[in-house]
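So you can see what is in the structure, the chains are spelled out below.
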Amino acid sequence: RELSGGQQQRVALARSVVFDPGLLLLDEPFGALDRKLREQMQLEVKRLQRRLGLTALFVTHDQEEALVLSDRIAVMSEGRIEQLGTPEDIYAHPVNWFVADFVGESNLFRGRLAADEAGHPFVLMGSTRIKVPLSSFAMGSEVGVLVRPERPRLVADGQRADNVVRGRIAEVIYVGESVKYRLRIDATHELLVRWPFRVRGGTLAAGDDVTVGWNVSDMHLVAVP
C-alpha cells in the first residue's frame, strides 16, 4: 500500500515476466495512472517486451496508447474485428467509417463521387469541388472522405495545393506543443486542423479568416455506414 501507482505496476510487471511466459496479457494496466507516468510505463513495457522477446496482448481503449505500443492493432466493435494491421495502416488507411472515426482525430464528411472534365474524381464540400484519390468506388456512389487534422496547411498567396478552401476560425484549443483550430467552412461543414504552436509566429485568433490546402495524397476514402 505504500508504493505509488507506477511502482505497483512495475512490481506486477516483474511478477508477470519472471517465469518467462510465452504470452503476456495486459488488460488496461495504465488506466489509473496520470498521463506522464502512463507514457513512461508505455515506453518501459515496449522496451521490456522487445528486449525479452515477449509476445504481448495489450487491451486498451486509448487509441494513442495503441498506436504507441503496437506492432499490430486489432480494432474491435461489438465483438468483431473491424481491421487488423500496423499502426500506420490503421491510422492512414482505415477500412471503414468506424475505424476512421474511432482511431485518432479525423475530419470525415460524406460526398457523392463524380468526375471532372479530365476524368479526375471529386466530391462536393458545399459548393467547393474537393479532388479525391482514385479508388475502387464507382462513380455516383456515396463515400466517406477522411482528412486527418495535421494534413491541411496554411496557404499563402502564390502557394498551391490540390484542394484549397477558405474558412473562419470558430474555436482555438491550445494543447501545449500544438494548437487545434476548428474552422467553419460553410453552413454545414467544419474542418479541424492541428498545427505547431508557432505557426506564423504565434496563435491565430477566433474570427480570423484563413485559407488552407491539402493534397489528394493526404486523403482517404471509406464506405459510409
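The structure presented is a predicted model; accordingly, all values stated were derived computationally and were not measured.

Caption draft 1: Broad picture of unusual backbone geometry. One non-glycine residue with positive phi stands out, namely aspartate 20, at about 55°. Counting through the fold element by element, aspartate 20 comes out in the loop between helix H1 (5-17) and strand S1 (23-27). Relative accessible area serves as the criterion here: at 61%, aspartate 20 is assigned to the exposed category. If you check the backbone angles, glutamate 78 has positive phi at about 55° while not being a glycine. You can see glutamate 78 is positioned in the loop between strand S3 (73-77) and strand S4 (80-85). The exposure class assigned to glutamate 78 is exposed, which follows from its relative accessible area of 82%.

Caption draft 2: Representation of the sheet that holds strand S6 (residues 114-115) in the model. Within the open sheet, the 3 strands sit side by side as S6-S7-S8. Their pairing is antiparallel. Here the strands that pair on one side only, and so sit at the sheet edges, are S6 and strand S8 (128-131). Relative to strand S7 (residues 121-125), S6 is paired through 2 bridges, and the arrangement is antiparallel. The residue bridging alanine 114 from the neighbouring strand is phenylalanine 122, located in S7.

Caption draft 3: Expanded view of the nonpolar core. Residues Ile130, Leu183 and Val212 are the most contacted members of the largest nonpolar core, which totals 25 residues. The contacts of isoleucine 130, once residues within four sequence positions are left out, are Phe109, Pro121, Phe122, Val123, Met125, Asn163, Val165, Trp214 and Met219. Core analysis: the next-biggest nonpolar cluster, separate from the first, contains 11 residues, Leu24, Leu33, Met41 and Leu48 among them.

Here is what the cut-offs are and how they apply
- Residues numbered from 1 in each chain as written.
- Predicted model: local features only at pLDDT ≥ 70, side-chain atom pairs only at ≥ 80, totals over all residues.
- Heavy atoms only, no water.
- Helix = DSSP H or I, 4+ residues; strand = E, 2+ residues; numbered from the N terminus.
- Buried < 20%, exposed > 50% of the residue type's maximum accessible area, 1.4 Å probe, protein only.
- Pairing = 2+ DSSP bridges.
- Core = buried A, V, L, I, M, F, W, Y, C linked by side-chain atoms within 4.5 Å.
- Contact = heavy atoms within 4.5 Å.

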